[in-house]
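# Structural overview
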Amino acid sequence: MGVRLDLSRADGTQIPVRANLSGLTRASLAEALVRADIATPEKARMRAGQIWRWIHNNGATDFDAMTNIDKATRARLAETFDLARPEIAARQVSADGTRKWLIRFAPGVEAECVYIPDVGRAGALCVSSQVGCTLNCRFCHTGTQALVRNLTAAEIVAQVQIARDDLGEWPSDRADRRLSNIVFMGMGEPLYNLDQVAAAIDIVSDNEGLGISRRRITVSTAGVVPELKALGTRTQAMLAISLHATNDALRNELVPLNKHYPLAELMAGIRAYPGLSNARRVTFEYVMLKGVNDTPAEALALVRLLAGIPAKINLIPFNPWPGTAYECSDWATIEAFAAILNRAGYASPIRTPRGRDILAACGQLRTESLKVRASDRRKAAAADVA
Ligand code: SAH
């Protein structure tokens with residue numbers, strides 16, 4: 001541990017990549033220190049605690065900032081590990097205050113991350129869990145981009161760190177912070193990357209670090225039913241389900257994953273989600289597509305489908321993107337739909353589109369990253385050297 005191997009060199013030799021400490025949980029950080037001979041097993045917890053606070057409470061990006069750690073140890077840390085942020089390839093700010101960062105994790109591996117003010121307690125950060133996506137939901141821009149790869153825990157945590165840098169919110173324990181909530185609603189399907197997502201949640205929810213409580217972290221899934229229970233037990237995160245249709249025929253079309261896990265299975269999986277209660281409701285996301293899923297009959301079908309589940313319903317006006325065949329439902333149609341849900345006792349806020357002018361709204365995220373086969377990468381590297 002502590003060293004990752006990058007296998008992409010043209011001549012086939014392996015270059016050790018220094019592990020970024022931001023992606024290690026507290027326990028693995030202590031282990032990594034012992035393994036790298038930087039701390040004895042007896043001292044490892046204390047040392048890990050000091051380093052932890054520098055990284056996750058103070059936002060340190062440089063071991064030299066860690067003034068309560070002796071110089072020799074700092075030098076050993078710097079030789080062995082990395083603390084640098086990934087590169088910000090682009091930054092945009094919307095007229096409504098929404099901020100979007102395009103983050104370059106490695107050459108050709110880019111994902112977007114969006115900060116939305118005045119959502120949740122103070123403001124929510126929408127993070128990506130993958131570059132690209134495998135799901136192909138028909139109305140989603142990210143769905144037009146093939147999966148490049150899963151993000152690592154360090155890369156997920158880096159999105160939070162970059163937002164904190166930009167908002168000027170270090171140390172993390174300040175009372176007036178504007179980044180209070182995290183939603184895994186950026187690019188990718190988090191339940192296809194649960195190990196890294198769970199590690200990232202362990203890290204960002206730690207009280208002596210980024211301090212974002214698990215109750216303020218929401219993981220959204222298109223419905224990977226076999227992973228729901230593990231999500232609940234491993235992360236205690238709030239659950240959101242991208243539903244969008246109330247019958248299998250339509251949902252198969254909109255969210256092709258439904259062919260693997262049809263509605264009856266999905267609803268059973270949700271009912272069994274650990275920790276569900278009136279205080280910890282599931283959020284159902286429902287994108288309003290004109291003439292597709294927006295009739296009063298469908299609102300009533302939604303009410304029947306959710307019977308008995310502690311739920312909130314989030315109606316999302318469809319956000320258009322270049323080349324889409326769908327349109328957003330008329331405002332009056334959305335309001336009529338919401339009124340039916342309200343009468344049935346559901347809070348069903350209509351999600352105000354945020355950051356549409358910078359393509360930062362739900363389902364508008366997409367990057368130019370393409371999956372490059374390892375063999376092609378080696379060829380390109382060889383051509384570069386030649
Ligand atoms: N794959 C996960 C995480 C992505 S969340 C999931 O599907 O839940 C992104 C949310 O935005 C999902 O609810 C998605 O269905 C919704 N969405 C996608 N495209 C959209 C669009 N063009 N307009 C509005 N919402 C959209």
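Basis of the calculations
- Residues numbered from 1 in each chain as written.
- Predicted model: local features only at pLDDT ≥ 70, side-chain atom pairs only at ≥ 80, totals over all residues.
- Heavy atoms only, no water.
- Helix = DSSP H or I, 4+ residues; strand = E, 2+ residues; numbered from the N terminus.
- Rg over C-alpha atoms; globule rule 2.2 N^0.38 Å.
- Contact = heavy atoms within 4.5 Å.
- Areas by Shrake-Rupley, 256 points an atom, 1.4 Å probe, with all protein chains shown as cover.
- Lys, Arg positive; Asp, Glu negative; His and termini not counted.
- Charge placed at Lys NZ, Arg CZ, Asp CG, Glu CD.
- Buried < 20%, exposed > 50% of the residue type's maximum accessible area, 1.4 Å probe, protein only.
- Salt bridge = Lys/Arg side-chain N within 4 Å of Asp/Glu carboxyl O.
- Core = buried A, V, L, I, M, F, W, Y, C linked by side-chain atoms within 4.5 Å.
- Domains from an automatic or database assignment.
- Phe/Tyr/Trp six-rings, centres within 6.5 Å; stacked < 30°, edge-to-face > 60°.
- Polar contact = N/O pair within 3.5 Å; in protein donor to acceptor, adjacent residues only side chain to side chain.
- Pairing = 2+ DSSP bridges.
- Axes fitted to C-alpha atoms, helices over the stretch in contact; angles between N-to-C directions.
- pLDDT = per-residue confidence, 0-100.

## Topic: the overall build of the protein
Regarding its fold elements, the protein presents 11 helices and 13 strands. Against the compact-globule benchmark of 21 Å for 386 residues, the protein has a radius of gyration of 22 Å, which places it among compact chains. Contacts in the protein between residues far apart in sequence, at least 24 positions, make up 65% of those at least 6 positions apart. Taken as a whole, the protein presents about 16900 Å² of accessible surface, with 52% of it coming from carbon and sulfur. Between the centroid of the 47 positive side chains of the protein and the centroid of its 40 negative side chains there is a distance of 3 Å.

## Let's talk about helix α1 (residues 26-35)
Taken together, the buried positions of α1 are occupied by Ser28, Leu29, Ala30, Ala32 and Leu33. Just beyond α1, the residue with positive phi is Asp37, at close to 65°.

## Some details on the pattern of salt bridges
For the coordinates displayed, the defined rule picks out 21 salt bridges. Where Asp165 meets Arg85, a salt bridge forms, and the shortest distance between an N and an O atom there is 2.8 Å. Here Asp165, found in helix α4 (residues 153-167), pairs with Arg85, found in the loop between α3 (71-80) and β3 (87-93); they are 80 residues apart in sequence, far enough to count as distant. Here Lys100 makes a salt bridge to Glu112, at a shortest N to O gap of 3.1 Å. Of this pair, Lys100 sits in strand β4 (residues 99-106) while Glu112 is found in strand β5 (residues 109-117), placing the two residues 12 residues apart along the sequence. Take Lys100 and Glu112: they sit in the same class, and that class is buried. Taken together, the salt bridges that share partners define one network made up of Arg26, Arg53, Asp206 and Glu208.

## Notes on unusual backbone geometry
For the bond from Trp170 to Pro171, the omega torsion is -5°, close enough to zero to count as cis. Relative to the helices and strands, Pro171 resides in the loop between α4 and β9 (181-184). One non-glycine residue, Asp118, adopts positive backbone phi at about 60°. Looking at the secondary structure, you find Asp118 in the loop between β5 and β6 (123-126). Even without glycine at this site, Asn136 takes up a positive phi of about 60°.

## Let's talk about the nonpolar core
Formed by 114 residues in total, the largest nonpolar core has its most connected members in Phe81, Phe139 and Phe284. Of the residues that make up this core, three or more belong to each of domain 1 (19-82) and domain 2 (87-358).

## Thoughts on the packing of aromatic side chains
Scanning all chains against the criterion turns up 2 aromatic pairs. When the centroid spacing of 6.3 Å and the interplanar angle of 70° are considered together, the rings of Phe318 and Tyr326 count as edge-to-face. Per residue, the accessibility class of Phe318 equals that of Tyr326, and both read buried.

## Brief notes about the side chain of Thr221
Structurally, the position occupied by Thr221 is in strand β10 (residues 217-221). On the accessibility criterion, Thr221 (1% relative accessible area) is buried. One polar contact links Thr221 to Glu189, side chain to side chain, over a distance of 2.8 Å. The residues touching Thr221, leaving out its near neighbours within four places in the chain, are Glu189, Leu191, Leu228, Leu239, Ala240, Ile241 and Ser242.

## A few points about the sheet that holds β6
Read across the sheet, 9 strands follow the order β3-β4-β5-β6-β9-β10-β11-β12-β13 without closing on themselves; strand pairing throughout is mixed. Bordering the open sheet on either side are β3 and β13 (311-317), each of which pairs with just one other strand. Here the strands of the sheet are splayed against their neighbours by 20° on average, with no regard to which way each runs. Examined bridge by bridge, β4 and β5 share 7 bridges and lie antiparallel to one another. Counterpart to Arg104 in the pairing with β5 is Glu110.

## Re the confidence of the model for the protein
On average, residues of the protein carry a pLDDT of 90, and 91% of them reach 70 or more. Contacts for the low-pLDDT stretch residues 1-9, under 50 throughout, to residues beyond four places or in other chains number 26 contacts.

## Quick notes on the pairing of β5
Most of β5 is tucked away, with 9 of its 9 residues classed as buried. Linkage of β4 to β5, two consecutive antiparallel strands, is achieved through a turn of 2 residues, within which Gly108 is found at a positive phi near 75°. Note: β5 against β6, 4 bridges, orientation antiparallel. Each bridged residue has a counterpart across the sheet, and for Tyr115 the counterpart in β6 is Leu125. What sits between the antiparallel neighbours β5 and β6 is a turn of 5 residues, in which Asp118 has the positive phi angle 60°.

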